[in-house]
Amino acid sequence: MLKFTAEHEWLKLEGDVATVGITTHAAEQLGDLVFVELPEVGAELTKDGNAATVESVKAASDVYAPLDGEVTEVNQAIVDDPSLVNSDPQGAAWFFKLKLKNPSDADALLDESAYKDLIG
Amino acid sequence: MNRAQLRRQMSLCVYCAAWRLFLDHSPTLKQTPLHALHLSLGAKMVPFAGYDMPVQYPMGVMKEHLQTRAASGLFDVSHMGQVIVRGTSYEDAARALETLVPVDILGLKPGRQRYGFFTADNGGILDDLMITNRGDHLLVVVNAACKEQDLAHMKAHLAGCEVTLLEDRALLALQGPSAEKLLASLWAGAADMIFMDVRDASILGADCIISRSGYSGEDGFEISVPADKAEEFAKALLAHPECEPIGLGARDSLRLEAGLCLYGNDIDTTTSPVEASLEWAMQKVRRPGGERAGGYPGADRIAEDFATGPVRRRVGLKPEGKAPVRAHAVLYAEDSPESPIGEVTSGTFGPSVEGPVAMGYVPAALAEPGTRVFAEVRGKYLPLTVTALPFITPTYKR
């Protein structure tokens, strides 16, 4: 199941694990990314807390945790080559996997059509 | 990330309070003569120094930067102020301007240009500018954000001179290794000019003033064009497959790699020219002991900096890791909060350097290239190496 946040993240839900990345819209707005910083595996994230940082030539932006959970895996490929986030933001360029504290919280997130309405 | 962050990405220097002050939040932003062209080219527009300006085109900052270094890029810098200073003679106007600007203007030959700055009474810098000997008068080009203040300053202090802002001219910068070839396709005289030469030319029926200069570290030209001919002129250059339009985003990363100061970030009223490592711009004749030493605002302070050496220095800073270190990051001697020593004044990712680049101020004792300092970024202390500027090898045609 694919969910979205108003902070321009996508979540692919499989059981109690969510794979998290930033949306195509966000990647387009950010422009060419040159640096990505990911959380540590094992980090406990709190919804709306800082989870990762992305930087374009122009500026840095925070990526927030979409839900409470523990980071179980991070995508080193986007740290090694941040341009992957621009070329495949909703595929190969996922950011991290989160073992959700309360998987049912995901129900409250946006579905794809609600997110599309949001970005107009 | 949130909407505010996404929006901020479109503004230029989000961390820089000084630049934010220059952003005009009124709905009546001014437009340059190329505004309609920018929109038709799909530019993202941002408010900058009271103007609605292109920060990037669909190509994006990274590719625009590399395009300029590999072939050529066309920049709209019409927001900058082009000002005529006219006295009873060139010497008269030059002598007057030397009371505000500590560089050798009297010794500038006709058709030559040089860099300078207006100093403040405390020895700080009010603005930086380009000065041209136009035979019987001076042409100066000042920063957009400072132009009203500079005009008032010159009108108040250049006794007997007529100071006129040219409101009906655009200013284009054509930068990059193929700039000469492109301009020469419209005007053969381009090839005969060297760095800092200034010539008149009639191009496409327009009376242009051409200087071989720019702010990218590349060879190139700045072309003053009558406003009503600017779009036709820009389109003629952009028609060439080697030329692309370049926004303010890439202009910033290009000038930073070239080690060039951005007024409001790297220099301002709190930085003396010697602290800013700009003493190269003060010719011997205007330095302490020179024939025309002093006689400008803040001369005593600047003489003291020359005599005793400045307390701090603007230096190049190369972050050792991959993370960009941005303007206003605090610098430390050690990787701990006990020893703050200065601040980063400009920092970004340098597309040609293929890594982060920065400039900032450190105590003179730590200004030697090779010295390691630290910057706090998101709670971490990242190592940077003091590095000679520029980060790239400029290709000016000397």
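Remember, it's a predicted structure, so these values are computed and weren't measured experimentally.

Turning our attention to the overall build of chain A. Along its length, chain A carries four helices and nine strands. Its helices and strands in sequence order give chain A the pattern β-β-β-α-β-β-β-β-β-α-α-β-α, from N to C terminus. Radius of gyration (C-alpha) of chain A: 13 Å, near the 14 Å computed for a compact globule of 120 residues. Based on the C-alpha atoms only, the size of chain A along its principal axes is roughly 40 × 35 × 20 Å. Counting every position in chain A, which comprises 120 residues, the buried fraction comes to 46%. Counting contacts in chain A only where the partners sit at least 6 residues apart, residues at least 24 apart contribute 60% of the total.

Another point: the UniProt feature "modified residue: N6-lipoyllysine" (unreviewed entry) in chain A. Residues and elements named next belong to chain A. Here, UniProt's "modified residue: N6-lipoyllysine" (unreviewed entry) annotation points to Lys58. Mapped onto the secondary structure, lysine 58 falls in the loop between strand S6 (50-56) and strand S7 (60-64). The exposure class assigned to lysine 58 is buried, which follows from the 29 C-beta atoms found within 10 Å.

Residues and elements named next belong to chain A. Strand order across the open sheet formed by six strands is S1-S2-S3-S9-S8-S5, with antiparallel pairing between neighbours. With partners counted over all chains shown, the strands left at the sheet margins are strand S1 (2-4) and strand S5 (44-45), one partner each. Where S5 meets strand S8 (residues 69-74), two bridges bridge the pair, whose relative direction is antiparallel. In the strand pairing of S8, leucine 45 is matched with glycine 69.

The rules behind the values
Residues numbered from 1 in each chain as written. Chains lettered and ligands numbered in written order. Predicted model: local features only at pLDDT ≥ 70, side-chain atom pairs only at ≥ 80, totals over all residues. Helix = DSSP H or I, 4+ residues; strand = E, 2+ residues; numbered from the N terminus. Rg over C-alpha atoms; globule rule 2.2 N^0.38 Å. Buried ≥ 20, exposed ≤ 12 C-beta atoms within 10 Å, placed from the backbone. Contact = placed C-beta atoms within 7 Å. UniProt positions renumbered as here; feature names shortened; annotations may be inferred. Pairing = 2+ DSSP bridges.

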